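So the chains spell out like this:
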Amino acid sequence: MVQGVQEGGGGSAARGGGEPGSVEAARALGQQLRRLRESVQLTQELMVKLHGGSKTSISRYENGDRIPRATYVRDLLEETRLRGVPLTEDALAAMWAMYERALGPVGGRNSERAALYAQEKQLWLVRDQEAQAAEELARLAAERDGLETDLGSGEDLARRQELDTDVARIHEARAACPAPTAVHRRENQDVPPWGRPH
């Protein structure tokens, strides 16, 4: 178990410590990041080798001197899962809440990083919606294909027309999704479902 996050969030580390955007909140986040990394015997060197960055950056994150990008947190959560320490949904929510508390508001001490995180969250939401739409389209196409082989009844023809309408609606909804910003295109990384901020 990873203290604070895995155990369901008892102590100040789980709450993020300090005011939003404060040094105390950054330190609490850093302590939790270190605990997560060490809980799976992952060295700073190996984390750099696997995901890029530098040992200096990781050290600064873990000391609370700097707030990491959300991709670092996501990558660390992925490593813990791959190494046999998956976190519960509650623990993941607590981890992302701690991250958001350390960032603080846009316009605060970590304004630029907080604004970037807000954009990343929006992108992750759009990607979730895109994935759901693609799954629905595949399901509808499979159902429609099954009806095309046997159009004997008027009921089948009516259902096929309903499916065509549903497919058109999904295509319209996909077209209405906001386009990623330049930051999103530069990042171009998917987020596993368990690692999305809440």
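Everything numeric here is computed off the predicted structure, so don't read it as measured data.

About the cut-offs
Residues numbered from 1 in each chain as written. Predicted model: local features only at pLDDT ≥ 70, side-chain atom pairs only at ≥ 80, totals over all residues. Heavy atoms only, no water. Axes fitted to C-alpha atoms, helices over the stretch in contact; angles between N-to-C directions. Helix = DSSP H or I, 4+ residues; strand = E, 2+ residues; numbered from the N terminus. Parallel < 35°, antiparallel > 145°, perpendicular 65-115°, else oblique. Left-handed = near helix turned anticlockwise from the far one by under 90°. Contact = heavy atoms within 4.5 Å. Nonpolar A, V, L, I, M, F, W, Y, C, P; charged D, E, K, R; others polar. Buried < 20%, exposed > 50% of the residue type's maximum accessible area, 1.4 Å probe, protein only. Polar contact = N/O pair within 3.5 Å; in protein donor to acceptor, adjacent residues only side chain to side chain. pLDDT = per-residue confidence, 0-100. Expected span 1.5 Å × (residues − 1). Arc of directions from axis to C-beta.

The subject of this paragraph is the packing of helix H2 (residues 23-39) against helix H5 (residues 70-82). For the pair H2 and H5, the least separation of the axes is 9 Å and the interaxial angle reads 30 degrees. Overall, the two elements H2 and H5 adopt an arrangement that is roughly parallel. Once H2 is placed against H5, the crossing between them reads as left-handed. Facing H2, whose interface residues are Leu33, Leu36 and Arg37, H5 presents Tyr72, Val73, Leu76, Leu77 and Thr80. In the contact of H2 with H5, the residues fall into six nonpolar, one polar and one charged.

So, about the side chain of Gln44. By secondary structure assignment, the location of Gln44 is in helix H3 (residues 44-51). When its relative accessible area of 14% is taken as the criterion, Gln44 is described as buried. A distance of 3.1 Å separates the side chain of Gln44 from the side chain of Glu62, its partner in a polar contact. Setting aside residues up to four positions removed in sequence, Gln44 forms contacts with Arg37, Lys55, Ile58, Ser59 and Glu62.

We now examine the confidence of the model for the chain. The pLDDT averaged across the chain works out to 80; a share of 76% of its residues lies at or above 70. Least confident of the elements in the chain is helix H9 (residues 182-187), whose mean pLDDT is 40; most confident is helix H4 (residues 55-63), at 97. Contacts from residues 6-14, a stretch scored under 50 in pLDDT, to residues over four places away or in other chains number 18 contacts. Under a pLDDT of 50 for its full length, residues 181-194 has, in the predicted model, 28 contacts with residues more than four places off or in other chains.

As a further point, take unusual backbone geometry. Positive phi, close to 50 degrees, is recorded for Gln41, a residue that is not glycine. Here Gln41 lies in the loop between H2 and H3. Judged by relative accessible area, Gln41 falls into the exposed class, the value being 65%.

Attention now moves to H5. An ideal rise of 1.5 Å per residue puts 18 Å on 13 residues; H5 measures up with 18 Å between its terminal C-alpha atoms. When you tally the buried positions in H5, you get eleven out of 13 residues, the bulk of the element. Positioned one or two residues after H5, Gly84 has a phi angle of 90 degrees, which is positive.

Attention now moves to H3. Taken residue by residue, H3 has Gln44, Met47 and Val48 as its buried positions. Seen from one end, H3 has its buried residues packed into an arc of 100 degrees, which puts them on one side. For H3, the elements touching its buried residues are H2, H4 and H5. At the exit of H3 stands Gly52, carrying a positive phi of roughly 85 degrees.

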